[in-house]
Amino acid sequence: MTAVDGVLRRTATALLIGGVGLGLAGCGPLVTGKPQAAPSVAVGEADVSIVRGTDGGRIDQIAAATVIDVQDYWRQTFESAFGKPWHDVRGFYSVDTADPTAKPAPCTEDASDVEGNAFYCPAADSIAYDRAALFPVLVEKFGEAGVVVVLAHEIGHAVHNRLGIDSNAQRRAPQLYPTIVVEAMADCYAGSFLRWVADGKAAHLRVNTGQLDAALGSLVNFRDPVGTSAGDRGAHGNAFDRVSSFQDGFQRGPKLCSQFTAETRQFTLREFTNQEDADRGGNLPLPKLVEDISGDLDSFFATLVRARGGSWTDPQLRPDPDCSGDQGPVAFCPRDRSVGVDVGSRELNRLHQIGDYATGTLLATRYGLAALVALGKSAEGEQAARAGLCLAGAYTGDLLGRRSGFGLSPGDLDEAVVLLLRYDYPVRDADGNPAAGSAFDRVGLFRGGTLDGADACELS
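Caption draft 1: Layout of unusual backbone geometry. Within the chain, R337 stands out as a residue other than glycine whose phi angle is a positive 55°. Take R337: it is sitting in the loop between β8 (330-333) and β9 (338-341). Of note, E458 is a non-glycine position whose phi angle comes to about 50°, a positive value. Mapping E458 onto the fold places it in the segment after α15 (439-452). Among the residues examined, E458 registers a relative accessible area of 59% and is labelled exposed.

As structure tokens, this is what we get:
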């Protein structure tokens, strides 16, 4: 984020997961530990022989359950959505990249070419994955939902390929179908499939709320490195872009996914615009961030409140506020309309390590509660908590549209998404009570405000 000249960001290194596959960012502890969900997403017995090269182990059992259910989904959905029958993917290949004698998968010359990867090969209409070094890591970090998301995404590439969005279409119309668009399509198709599973329609897979949160966590880990341009040949999207595509598919179905082009789809992935910002990874020290963003929040919410007939007074920042409940390391106090923020707080400094826009997002939610009070509404209760987070998204969307002055840097939206996946602080009301819902819901609320503005926040 640019603090008049500064920017909120974080850096990451990346390992691209092959060709038209996912981009896996080796970017540290985005979502620490194992997910809270139950570890298993597969129920019943799946025919593991559908996977070529299988060792019959748990990884391939998860993969078999997934590809059987994904293709069953497309058999039931494809024709009604697109007016033509579905044709199954020809082959699925499990590759033990730790075995030097393992046979290569299609589109590769050696088994080691698949190491750390999962990809769709259009020439052979097949999908290959590394069962030794990739999928076990996904299961450890995100539970089995991570494997399901990867394979659903790869079959998503087969979907747009069957719809004519293939390498020829990309050559004919590169301005419409750059890599980031076809990756967004695949994320979106994966989301539409997960909705079908969540609705209990799959024969082998079951997902609960925690596993959907884990699915988003895996997409965050698959983001591009900070500073990647959306026009980069290998761009897949930042965390916000990827979870947005997934949630659009989950909420609105596959027909929407097929309509993505560079002209119809807004992407937030962007490169650094100045070297100073890049050198500091886009991050401001906590005291500087609080100092700079508070004035910008005052200006944004004053405009918003007054446009809706309210009266705005800039909240005073206090290190030791007299607030009720536990709102977390930043609090809004309705009694005197102040915002409590202690830059020496251990918890706030720990949160700031995610990146400075994690702190910025949390501050924006507290100003969102202040805006509710300024509009004559309550800052307590589930509706207020949800509106506060949505308004933080509206503020973020305003920053996203700026081209000068105080604005977002390349990693800021990723930091906001990670905050929302890890913590419920942003959706606590002024009494410290969190609104009901999951990390999936929190991201959705924030995304709604970011993309659609304050009108999405149910203020009337």
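Now, onward.
Caption draft 2: Highlighting the packing of aromatic side chains. A complete count under the given rule lists 19 aromatic pairs for this structure. Aromatic side chains F246 and F440 sit 6.5 Å apart centroid to centroid with 75° between the ring planes, which places their arrangement in the edge-to-face category. Of this pair, F246 sits in helix α7 (residues 239-252) while F440 sits in helix α15, and the two are 194 residues apart along the sequence. Within the aromatic cluster, the residues linked to one another by ring pairs are Y73, W74, F78, F82, W86, Y189, F193 and W196. Directly above the aromatic system of W86 lies the positively charged group of R162, at a separation of 4.8 Å from the ring centroid.

Caption draft 3: Focus on the environment of D452. On the secondary structure map, D452 appears in helix α15. Spatially, the C-alpha atoms of D452 and G393 are 8.9 Å apart, while their sequence positions differ by 59 residues.

Caption draft 4: Fine view of the sheet that holds β9. What the 3 strands build is an open sheet, ordered β7-β9-β8; its pairing is mixed. The outermost strands of the open sheet, each flanked by one partner alone, are β7 (317-318) and β8. Relative to β9, β8 runs antiparallel, the two sharing 4 bridges. When the bridges of β9 are listed, V330 appears paired with V341.

Caption draft 5: Focus on the environment of P285. Note on placement: P285 falls in the loop between α9 (275-279) and α10 (286-307). Residues P285 and D356, 71 residues apart in the sequence, show an inter-C-alpha distance of 7.5 Å.

Caption draft 6: Main features of helix α2 (residues 135-142). Every buried residue belonging to α2 is among F135, L138 and F142, and all of these are buried. Down the axis of α2, the buried side of the element spans an arc of 55°, and every buried residue falls inside it. Here the buried face of α2 lies against α1 (58-82), β6 (126-130), α3 (145-162) and α6 (209-221). Remark: G143 follows α2 within two positions and exhibits a positive phi of approximately 75°.

The rules we used
- Residues numbered from 1 in each chain as written.
- Predicted model: local features only at pLDDT ≥ 70, side-chain atom pairs only at ≥ 80, totals over all residues.
- Heavy atoms only, no water.
- Helix = DSSP H or I, 4+ residues; strand = E, 2+ residues; numbered from the N terminus.
- Buried < 20%, exposed > 50% of the residue type's maximum accessible area, 1.4 Å probe, protein only.
- Phe/Tyr/Trp six-rings, centres within 6.5 Å; stacked < 30°, edge-to-face > 60°.
- Lys NZ or Arg CZ within 6 Å of the ring centre and 35° of its normal.
- Pairing = 2+ DSSP bridges.
- Arc of directions from axis to C-beta.
- Contact = heavy atoms within 4.5 Å.

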